[in-house]
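The primary structure of each chain is shown beneath.
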Amino acid sequence: MIEAVKTNANIFQVGAKDWDRRLFDELIPLPDGTTYNAYLIKGKDKCALLDTVDPTKGQVLVENLNQLKIERIDYVIVHHAEQDHSGSLPLILEIYKSAKVVTNPKCKEMLMNHLLIPEDKFITVADRETLSLGDKTLEFIYAPWVHWPETMFTYLREDKILFTCDFLGSHLAQSNLFAIDLGKVYTSNKRYYAEIMIPFRASIKQHLEKIKTLEIEIIAPSHGPLFDKPNYILDAYREWAADEVKNEVVIPYISMHGSTAEMVKYLIEALMKRGIIVKPFNLSRTDIGELAMALVDAATIVIGTPTVLVGPHPAAVYAAFLANALRPKLRYASLVGSYGWSGKMPEMVTAMLSNLKIELLPPVIAKGFPKAEEFNALEQLAEAIASKHKNDPLVIK
Ligand code: FEO
């Protein structure tokens, strides 16, 4: 379905909603589906398509362009080479044979590699270069490392619209073009930020700074709802990307025979007694997007795992790998768990957290079921966490 981004402005959303998709990259859960937003801008002299759609939805894009009776596309602006936005580019270039692909040199190289687009199809643009459609001016803004190195934005000067591709977007299919239920949209955007952008927090901060001087009326990402009150999502991103963390402990854990679960249960209450927000995730049934979201703000992570064979449970390995790969703002980490006869598990888990700039607090490990000694150690661990949070200027009280 075609959606007007702005009344009487010749700017249309011509992409596709994917209501039923439940997994991205065969990894990331999509509880609310997703959208692949693509935008058509009809200028007085030239016509530009901003991004395409996932290859599974190419025909939806083509039908939308047909409905608008678009016979000629002069430019296809590509903000990001990942296939959920670029995958229908070969189809579009096949239909609109005179169209040129406008992008930055890095993205050009990636499109040639991934989609085999011929070199003579490209026009490359520099950071802040402009392209006129007659009565509309597109300004290209480099924004590398939204989560790939080639990403960029387009600012449509006359209409004050910033097209941001993945940045400020969300995996949320809804019938409204614009954000309506702000609580829902906040959660979906945070989930998306958590799943792919946490490792690039420094770049995200730079992008926010770079667009600060633009006068923006509409933010139009390539996933999820658009924003006609831009500060809502910009402020949220500023908070997520800031250095400060919250007085929160995330506990991803798994238990086979109940020993680790008993320790986690005790630790949760010991932390709660000290006024700390605790977010436990039983890894046997956790949505990893929820876990990633909790890692955006938390000051501390405590991983809970029993010993399987001679090492941590594979589910705990996955959680440790995820935390290490996402590189969240965490300040402290620890470990609780149990073993039967091999005691090497703690070193194996902590060695997996080498990317994190954390202070490691003494783990609490029980031989078999926890006893008074371990419960006492858990009390001390809760106290140590509370004390660290209290005295750390980066922890918001
Ligand atoms: Fe929505 Fe990074 O692609």
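Residues numbered from 1 in each chain as written. Predicted model: local features only at pLDDT ≥ 70, side-chain atom pairs only at ≥ 80, totals over all residues. Heavy atoms only, no water.

### Considerations on the sheet that holds strand β10 (residues 100–103)
Ordered by their spatial adjacency, seven strands build an open sheet running β1-β2-β7-β8-β9-β10-β11, and the pairing between neighbours is mixed. The sheet is open, and its two edges are formed by β1 (3–6) and β11 (122–124), each paired on a single side. Taking each pair of neighbouring strands and ignoring which way they run, the sheet shows an average axis angle of 25°. Alignment of β1 against strand β2 (residues 11–13), held across three bridges, turns out to be antiparallel. Residue Ala 4 lies in a different strand from β2, and its bridge partner there is Phe 12. (Pairing = 2+ DSSP bridges. Helix = DSSP H or I, 4+ residues; strand = E, 2+ residues; numbered from the N terminus. Axes fitted to C-alpha atoms, helices over the stretch in contact; angles between N-to-C directions.)

### Considerations on the nonpolar core
Membership of the largest hydrophobic core comes to 61 residues, with the highest contact counts inside it found for Phe 167, Tyr 193, Met 197 and Tyr 237. Structurally, this core is a two-domain feature, drawing no fewer than three residues from each of domain 1 (3–241) and domain 2 (249–392). Once you skip the residues sitting within four places of it in the chain, Met 197 turns out to touch Val 146, Asp 166, Phe 167, Tyr 192, Ile 204 and Tyr 237. Grouped together as the second largest cluster of nonpolar side chains are 31 residues, Tyr 36, Leu 49, Ile 92 and Tyr 96 included. (Core = buried A, V, L, I, M, F, W, Y, C linked by side-chain atoms within 4.5 Å. Buried < 20%, exposed > 50% of the residue type's maximum accessible area, 1.4 Å probe, protein only. Domains from an automatic or database assignment. Contact = heavy atoms within 4.5 Å.)

### Remarks on the domain arrangement of the protein chain
On domain assignment, one finds that the protein chain holds domain 1 (3–241) and domain 2 (249–392). Each of domain 1 and domain 2 has a C-alpha centre, and the two are 38 Å apart. With 14 residues of domain 1 at the interface, the matching set in domain 2 holds 14 residues. Interface of domain 1 and domain 2: buried area, both sides summed, is about 1,200 Å²; carbon and sulfur atoms make up 63% of it. Of all residues in domain 1, the largest losses of buried area upon contact with domain 2 belong to Arg 191, Ile 198 and Pro 199, amounting jointly to 40% of the total for that side. (Buried area = accessible area lost by both parts, 1.4 Å probe.)

### What about the packing of helix α5 (residues 182–197) against helix α7 (residues 230–241)?
Two elements in contact, α5 and α7, have axes separated by 11 Å at closest approach and are oriented at 40°. Viewed along their axes, α5 and α7 adopt a mutual orientation that is oblique. Like other packed secondary-structure pairs, α5 and α7 cross with a definite hand, here right-handed. On α7, the residues that touch Leu 182, Gly 183, Tyr 186, Asn 189, Lys 190, Tyr 193 and Met 197 of α5 are Tyr 232, Ile 233, Ala 236, Tyr 237, Glu 239, Trp 240 and Ala 241. (Parallel < 35°, antiparallel > 145°, perpendicular 65-115°, else oblique. Left-handed = near helix turned anticlockwise from the far one by under 90°.)

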